[in-house]
Amino acid sequence: MVKQHSYLQNTVLVRQTKKFVAIAGVLALTATACLTQATPLQAQSEHALDPAIRLAMKSYETTAGVKDFQGTFIKREKVGRKMQATQTMAIKFREKPLSVYLGFQQPHAGREVIYFHGRNGNQILAHETGIKGLVGTVSLQPNSPQAMDESRYPITTIGIRKMLYQILKQWKEERAVDAGVAVKYFPDAKLGNMQCKVLQTSYPQQKQGIRFQMTRLYIDKATNLPVRVEQYDWPTRKNSQPELVEEYTYTNIRTNVGLTDADFDPKNPGYNF
């Protein structure tokens, strides 16, 4: 039975969380990935992607036990031809019904977004700050141009389980394409101070059915949860490096904290809708 929190308790929690995340988010922003020596994964007579898929599947099975979580979400994305500024947000996420709260730390500090499947006509509720905030709370379709202005994917695709599902789907599709995939496994990598396992796949040249030149999946060694994905496109110039187009990082994750409807209610006094 999920423990129900009163609005008063929730307000205190939100304020404490925002204060903590504001500090932790900045630290996470400066965190860099350190990949040590790669370890061979492939056994004889199996596809090079099979060991990576197996390890990713074990992490995916772990995510099945995560009913909700809160923490810090950091993303960098190329939308159209423009690389967007790195966004750092406090996140609250619940699997069923799908519910998301995002409190922006930087940029757009003070912006808040809520999605609660089955309520508000399945629309996003969002508000800005400053002059833009004068219009108040607006309702947007998740895949509308306004909602997608700074994003490659709608808010309904957010979450660690969905992030890993997309990687598994990608690798299983790539497995059917003879494109000379190179797979590297870094069992002792670090993401800031977090000990991680990293799976990296890359391709020598573009080929139909291969969307990204290089993919990296980071799995927290302590929890076996996926915490970061990097996707790189092919270089646009000869002899240049692959171009980062997607990077999603989850830090300070606390799972199964008992989030309730109040955490995804714009009337919550801890929010500014």
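Residues numbered from 1 in each chain as written. Predicted model: local features only at pLDDT ≥ 70, side-chain atom pairs only at ≥ 80, totals over all residues. Heavy atoms only, no water.

### Thoughts on unusual backbone geometry
Logical step 1: The amide bond that connects Lys 96 to the next residue, Pro 97, takes the cis arrangement and shows omega of -15 degrees.
Logical step 2: If you check the backbone angles, Asn 256 has positive phi at about 50 degrees while not being a glycine.
Logical step 3: You can see Asn 256 is positioned in the segment after strand E13 (243-255).
Logical step 4: Classification of Asn 256 as partly exposed rests on a relative accessible area of 41%. (Helix = DSSP H or I, 4+ residues; strand = E, 2+ residues; numbered from the N terminus. Buried < 20%, exposed > 50% of the residue type's maximum accessible area, 1.4 Å probe, protein only.)

### Details of the packing of helix H2 (residues 50-63) against helix H3 (residues 160-174)
Logical step 1: Between H2 and H3, the least distance of the axes is 10 Å, while the angle of their chain directions is 155 degrees. Comparing the axis directions of H2 and H3 gives the class roughly antiparallel. As for how H2 packs across H3, the hand of that crossing is left-handed. Residues Ala 52, Ile 53, Ala 56, Met 57, Ser 59, Tyr 60 and Thr 63 of H2 pack against Arg 161, Leu 164, Tyr 165, Leu 168, Trp 171 and Lys 172 of H3.
Logical step 2: The class makeup of the residues in the contact of H2 with H3 is nine nonpolar, two polar and two charged. (Axes fitted to C-alpha atoms, helices over the stretch in contact; angles between N-to-C directions. Parallel < 35°, antiparallel > 145°, perpendicular 65-115°, else oblique. Left-handed = near helix turned anticlockwise from the far one by under 90°. Contact = heavy atoms within 4.5 Å. Nonpolar A, V, L, I, M, F, W, Y, C, P; charged D, E, K, R; others polar.)

### Description of H2
Logical step 1: For H2, which comprises 14 residues, the first-to-last C-alpha distance of 20 Å matches the rise-based estimate of 20 Å (1.5 Å per residue) to within 8%.
Logical step 2: Looking at H2, one finds that the buried residues are Asp 50, Pro 51, Ala 52, Ile 53, Leu 55, Ala 56, Ser 59, Tyr 60 and Thr 63.
Logical step 3: Contacts from the buried residues of H2 go to H3, strand E9 (182-191), strand E10 (194-202), strand E11 (214-220) and strand E12 (226-233). (Expected span 1.5 Å × (residues − 1).)

### Examining the packing of aromatic side chains
Logical step 1: On inspection of all chains with the given rule, the structure shows eight aromatic pairs.
Logical step 2: Aromatic pair Tyr 60 and Tyr 165: ring centres 6.4 Å apart, planes at 40 degrees, arrangement tilted. One end of the pair, Tyr 60, is in helix H2; the other, Tyr 165, is in helix H3, with 105 residues separating them in the sequence.
Logical step 3: Judged by relative accessible area, which is 18%, Tyr 60 ranks as buried.
Logical step 4: Ring centres 5.8 Å apart and planes at 85 degrees place the aromatic pair Phe 69 and Tyr 250 in the edge-to-face group. Linking Phe 69 in strand E2 (residues 68-79) with Tyr 250 in strand E13, this pair joins segments that are 181 residues apart in sequence. Taken individually, Phe 69 and Tyr 250 each receive the classification buried, so the pair is uniform in this respect.
Logical step 5: Three or more aromatic residues joined by ring pairs form one cluster here, namely Phe 69, Phe 73, Phe 93, Tyr 153, Tyr 248 and Tyr 250. (Phe/Tyr/Trp six-rings, centres within 6.5 Å; stacked < 30°, edge-to-face > 60°.)

### Re the pattern of salt bridges
Logical step 1: Going through the model one piece at a time under the given rule, you end up with 17 salt bridges.
Logical step 2: The shortest N-O distance in the salt bridge between Arg 175 and Asp 50 comes to 2.6 Å. Of this pair, Arg 175 sits in the loop between H3 and E9 while Asp 50 sits in helix H2, placing them 125 residues apart in sequence.
Logical step 3: Taking relative accessible area as the criterion, Arg 175 reaches 37% and is therefore assigned partly exposed.
Logical step 4: Between Glu 128 and Arg 111 there is a salt bridge; the shortest N-O distance is 2.9 Å. (Salt bridge = Lys/Arg side-chain N within 4 Å of Asp/Glu carboxyl O.)

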